Amino acid sequence: MSLKNLMVHLDAGERTAARLELAAGLARSHGARLTGVFGQRGSAQRVGVVATWPSEEYAAARDASKAAFAKATAGLANAEWIDVNRGSDAEVLAGVTRIARHFDLVVLGQRDTAASNLLPDDFVNEVIVDSGRPVLVLPYAGDFPVIGKRPMIAWNDAREAARALNDALPLLGASEDCWVMSFATRQEDAEACCNGVVKHLADHDVKAKAEVLVVQDFGIMDLLLNRVSDRSADLLVMGAHGQIGFPFVSRGAGTRYILQHMTVPVLMSS
């Protein structure tokens, strides 16, 4: 399986270059079309009571983004740059989400609360929920020029997990150490469904191993992140906003926690 069209979100933030590098690398390795979508907060320029758009600040960031995209995608066929061309939170979110619906994979960046806030606070979460497409989120720290060599798949036998697993297949073809991780209150139930995932992956020439951890309390997401670190995973695959089988975990809580504390790229599907 291969990706045919990719979208990467661009803004004036420092991590845009890392997202663009990852997306361009994926486009090259898959022979895919790449579209860069520039969108960030911006206010109209006012002279007295007259407002004009775009402001000089937005225009400068837009032009710099277009130039950086052209440089990063040199030699890449079918690369296209798009400007959302609106600056309110609602307009930026709606514009990026609408465009995202037409791609195999969308590449976004984790929100960095310590950096300049160019986007709505819940930007990544909202695109995941409303775009209907798999979203690959790059952490705000670290270098990840290549992903998928050591993937970890978080599995709970739910619809969202199945969606994420299959959306991630194009990224798993070159994996060398793939793990299926499940947390459960009953060992035998989790083992049975994990074995099914391992067989499914084998049908796609992906060799995977399964691990089940029996848990009875909170902290599941921390356990998952610890396992990601222990296994030196370079990609986490998980469903977004689904129930994970525990009555004390509210819908979407795990998604929000991972988006806040992730240390490796995460592919999420809803």
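Scroll up to find the structure this text is about.
Here the structure is a predicted model, which means the values were calculated and not measured.

## Quick word on the overall build of the protein chain
Turning to step 1, where the next piece is worked out: When helices and strands are tallied, the protein chain shows eight helices and 12 strands.
Turning to step 2, where the next piece is worked out: Here the C-alpha radius of gyration of the protein chain, 19 Å, is about what a compact globule of 270 residues would show, namely 18 Å.
Turning to step 3, where the next piece is worked out: C-alpha atoms of the protein chain, sized along the principal axes, occupy 70 × 40 × 30 Å.
Turning to step 4, where the next piece is worked out: Sorting the 270 residues of the protein chain into buried and exposed places 49% on the buried side.
Turning to step 5, where the next piece is worked out: Residue pairs in contact within the protein chain that sit at least 24 positions apart in sequence constitute 79% of those at least 6 positions apart.
Turning to step 6, where the next piece is worked out: Just so you have it, the protein chain exposes about 12,600 Å², and 50% of that area is on carbon and sulfur atoms.
Turning to step 7, where the next piece is worked out: Of note, the protein chain has its 27 positive side-chain charges centred 4 Å away from the centre of its 32 negative side-chain charges.

## Let's talk about the sheet that holds strand β8 (residues 151-155)
Turning to step 1, where the next piece is worked out: The strand order β5-β2-β1-β6-β7-β12-β11-β8-β9-β10 describes an open sheet built from 10 strands, whose pairing is mixed. Sheet topology places β5 (79-83) and β10 (208-214) at the edges, where each strand pairs with a single neighbour. Each strand of the sheet is rotated relative to its neighbour by a mean of 20°, with strand direction disregarded.
Turning to step 2, where the next piece is worked out: Its contacts with the sheet put helix α6 (residues 187-203) on β8, β9 (178-184) and β10, and the angle it makes with β10 is roughly 165°.
Turning to step 3, where the next piece is worked out: Lying on the sheet, helix α8 (residues 253-261) is in contact with β7 (135-138), β11 (235-239) and β12 (266-269); it crosses β12 at an angle near 155°.

## Description of the pairing of β9
Turning to step 1, where the next piece is worked out: Within β9, seven of the seven residues are buried, which leaves it mostly tucked inside the rest of the structure.
Turning to step 2, where the next piece is worked out: Alternating positions in β9 separate into two faces, Cys178, Val180, Ser182 and Ala184 on one and Trp179, Met181 and Phe183 on the other, with burial throughout.
Turning to step 3, where the next piece is worked out: Note on the crossover from β8 through helix α5 (residues 159-172) to β9: the handedness is right-handed.
Turning to step 4, where the next piece is worked out: As paired elements, β9 and β10 share seven bridges and run parallel to each other. The residue bridging Met181 from the neighbouring strand is Glu211, located in β10.
Turning to step 5, where the next piece is worked out: Each parallel crossover has a hand, and for β9 linked through α6 to β10 it is right-handed.

## Brief notes about the packing of helix α4 (residues 123-131) against α8
Helix packing for two helices is described by the angle between their axes and how far apart those axes are.
Turning to step 1, where the next piece is worked out: Where α4 meets α8, the axes come as close as 10 Å, and the angle between the chain directions of the two elements is 135°. Viewed along their axes, α4 and α8 adopt a mutual orientation that is oblique. Seen from above, α4 lies across α8 with right-handed handedness. Here Val124, Asn125 and Ile128 of α4 come into contact with α8, specifically with Thr255, Arg256 and Leu259.
Turning to step 2, where the next piece is worked out: In terms of residue class, the contact of α4 with α8 is built from three nonpolar, two polar and one charged.

## Quick word on the packing of helix α7 (residues 220-230) against α8
Turning to step 1, where the next piece is worked out: At a minimum axis distance of 10 Å, the contact between α7 and α8 shows a crossing angle of 40°. As the angle between them shows, α7 and α8 are arranged oblique. Seen along the crossing, α7 lies across α8 with a hand that is right-handed. Of the residues in α8, those in contact with Met221, Asp222, Leu224 and Leu225 of α7 are Gly254, Tyr257, Ile258 and His261.
Turning to step 2, where the next piece is worked out: Residue classes in the contact of α7 with α8 are distributed as five nonpolar, two polar and one charged.

Cut-off values and rules
- Residues numbered from 1 in each chain as written.
- Predicted model: local features only at pLDDT ≥ 70, side-chain atom pairs only at ≥ 80, totals over all residues.
- Heavy atoms only, no water.
- Helix = DSSP H or I, 4+ residues; strand = E, 2+ residues; numbered from the N terminus.
- Rg over C-alpha atoms; globule rule 2.2 N^0.38 Å.
- Buried < 20%, exposed > 50% of the residue type's maximum accessible area, 1.4 Å probe, protein only.
- Contact = heavy atoms within 4.5 Å.
- Areas by Shrake-Rupley, 256 points an atom, 1.4 Å probe, with all protein chains shown as cover.
- Lys, Arg positive; Asp, Glu negative; His and termini not counted.
- Charge placed at Lys NZ, Arg CZ, Asp CG, Glu CD.
- Pairing = 2+ DSSP bridges.
- Axes fitted to C-alpha atoms, helices over the stretch in contact; angles between N-to-C directions.
- Right-handed = clockwise from strand over helix to strand, strands pointing away.
- Parallel < 35°, antiparallel > 145°, perpendicular 65-115°, else oblique.
- Left-handed = near helix turned anticlockwise from the far one by under 90°.
- Nonpolar A, V, L, I, M, F, W, Y, C, P; charged D, E, K, R; others polar.

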